[in-house]
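Residue-level structure breakdown
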Amino acid sequence: MEELYIMIYILVFIIGSIAGLLLSYKKHMEPYIISEIDVLTLVLSIIGWFLLFNHGLNTHISSEILLTIAFFFIGLALGRRPGYGRKETAIGILIAAVVWISTSGVLF
């Protein structure tokens, strides 16, 4: 049964990456822009990485559903055009890691 969940996670990540690439090409017709952070991509990245790292904090929804949503949102952020989405992904990982460290009791 575990293999089925892994296959679903991979499939959802690929679908999210393709959707992110299509949305990125639709939104950004110009070449790479260095200084701009996309707010929607940032929010999706934070939610995705937060759900991936901290899915055990929620007891109302099953972990499989939360991980599926997380991999889709991470795929949306990582699947952008080359150069886009990397700052948003780094910020999302950083925020999710800080929340995970503060709730897991690693520091105390």
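A brief structural summary.

Digging into the overall build of the protein
- Scanning the protein from terminus to terminus reveals 4 helices and 0 strands.
- Listed by position from the N terminus, the elements making up the protein come as α-α-α-α.
- Overall, the protein is about 45 × 35 × 20 Å in size when its C-alpha atoms are taken along their principal axes.
- Classification of the 108 residues of the protein by burial places 31% in the buried group.

Overview of helix α3 (residues 63-78)
- Taking 1.5 Å per residue, 16 residues should reach 22 Å; α3 reaches 22 Å between its end C-alpha atoms and fits that length.
- Of the residues making up α3, those classed as buried are Leu66, Leu67, Ala70, Phe73, Ile74, Gly75, Leu76 and Ala77.
- On its buried face, α3 sits against α1 (2-27), α2 (39-54) and α4 (86-104).

With respect to the pattern of salt bridges
- Tallying each qualifying case throughout the model produces 1 salt bridge.
- The partner of Lys27 in a salt bridge is Asp38, and the shortest N-O contact between them spans 2.6 Å. In this pair, Lys27 sits in helix α1 while Asp38 sits in the loop between α1 and α2, placing the two residues 11 residues apart along the sequence.
- Residue Asp38 is classed as buried on the basis of its relative accessible area, which comes to 11%.

Let's talk about the environment of Leu67
- Tracing the backbone through its elements, the reader meets Leu67 in helix α3.
- Each C-alpha atom, one on Leu67 and one on Lys87, is 22 Å from the other, the two residues being 20 residues apart in sequence.

Cut-offs and rules
Residues numbered from 1 in each chain as written. Predicted model: local features only at pLDDT ≥ 70, side-chain atom pairs only at ≥ 80, totals over all residues. Heavy atoms only, no water. Helix = DSSP H or I, 4+ residues; strand = E, 2+ residues; numbered from the N terminus. Buried < 20%, exposed > 50% of the residue type's maximum accessible area, 1.4 Å probe, protein only. Expected span 1.5 Å × (residues − 1). Contact = heavy atoms within 4.5 Å. Salt bridge = Lys/Arg side-chain N within 4 Å of Asp/Glu carboxyl O.

Any functional reading would require information beyond the geometric quantities listed.
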